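# Topology and contacts: notes
Here is how the chains run, residue by residue.
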Amino acid sequence: MSMTSSVQASNLLPVPSGQPVELSNVLLDTNPGELWVRFRFIAPNIGATVGRITYDVAVIDMEHLCQTLAVPYVAQHDLDPARVVISFSDRPLEFGTSEPDATQFFEAYRLEQSQCIWEGL
């Protein structure tokens, strides 16, 4: 079972790199057998080619968003997730689908005492 909460994000979120990042949606996913809260972002400048925001830079932004957006969201909605997943995509994609030309970065965290602890996928 999974539920999607669509969020109309008209403002870009501040991240350490300064890249444009916009929240696409929040997905409450119990398909892995436990609750995972997935925060899906559009980050149009990510990629591996010269001039793009690479994974090494984006991972700092993902950790920042986990701490500043995911932690308060989980507390506000009284959730107890096994994992929080922060994902960046360079374009809107339907959850669970892949597009060969799309760039996507993912990181998973567990929450302990209101801190995001990197889990690695």
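Residues numbered from 1 in each chain as written. Predicted model: local features only at pLDDT ≥ 70, side-chain atom pairs only at ≥ 80, totals over all residues. Heavy atoms only, no water.

## Comments concerning the state of the cysteines
Rules: Cysteine sulfur atoms are paired as a disulfide whenever they fall within 2.5 Å. Secondary structure counts use DSSP, requiring at least four H or I residues in a row for a helix and at least two E residues in a row for a strand, with both numbered from the N terminus.
Within this structure, the stated rule accounts for 1 disulfide. Residue pairing for Cys66: its cysteine sulfur links by disulfide to Cys116, the two sulfurs lying 2.1 Å apart. Judged by the sign of its S-S torsion, about -95°, the bond between Cys66 and Cys116 is left-handed. Highlighted residues: Cys66 in helix 1 (residues 55-76) and Cys116 in strand 6 (residues 115-118), separated in sequence by 50 residues.

## Let's talk about the packing of aromatic side chains
The relation between two aromatic rings is expressed through the spacing of the ring centres and the mutual angle of the planes. The test is simple: Side-chain rings of Phe, Tyr and Trp (the six-membered ring for Trp) are treated as a pair once their centres are within 6.5 Å; stacked means planes under 30 degrees apart, edge-to-face means over 60, and tilted covers the remaining angles. Working definition: with a 1.4 Å probe on protein chains only, accessible area under 20% of the residue-type maximum means buried, over 50% means exposed, and in between means partly exposed.
Scanning the entire structure with this criterion turns up 3 aromatic pairs. With a centroid separation of 5.9 Å and an interplanar angle of 75°, the aromatic rings of Phe41 and Phe88 are classed as edge-to-face. Residue Phe41 is located in strand 3 (residues 36-42), and its partner Phe88 is located in strand 4 (residues 83-89); the two are separated by 47 residues in the primary sequence. In terms of burial, Phe41 and Phe88 fall into one category: buried.

## A short note on the side chain of Arg38
Convention followed: The contact definition used throughout considers only heavy atoms, calling two residues in contact when any of these lie within 4.5 Å.
Here Arg38 shows up in strand 3. With near-sequence residues (within four places) excluded, Arg38 lies in contact with Asn25, Val26, Leu27, Asp29, Pro32, Val85 and Phe95.

## Re the nonpolar core
Among soluble globular proteins, nonpolar side chains are generally buried collectively. Where we set the bar: We define a nonpolar core as any set of buried Ala, Val, Leu, Ile, Met, Phe, Trp, Tyr and Cys residues linked to one another through side-chain atoms lying within 4.5 Å.
Among the nonpolar cores identified, the biggest contains 24 residues, and Phe39, Phe41, Ile86 and Phe88 are the most heavily contacted of them. Put simply, the parts of the chain that give this core at least two residues each are strand 2 (22-29), strand 3, helix 1, strand 4 and strand 5 (104-112). By residue number, the principal contributor to this core is helix 1, which donates 8 residues. Among residues more than four places away in sequence, those in contact with Phe41 are Leu13, Val21, Glu22, Leu23, Ser24, Leu65, Leu69, Ile86, Ser87, Phe88 and Ser89.

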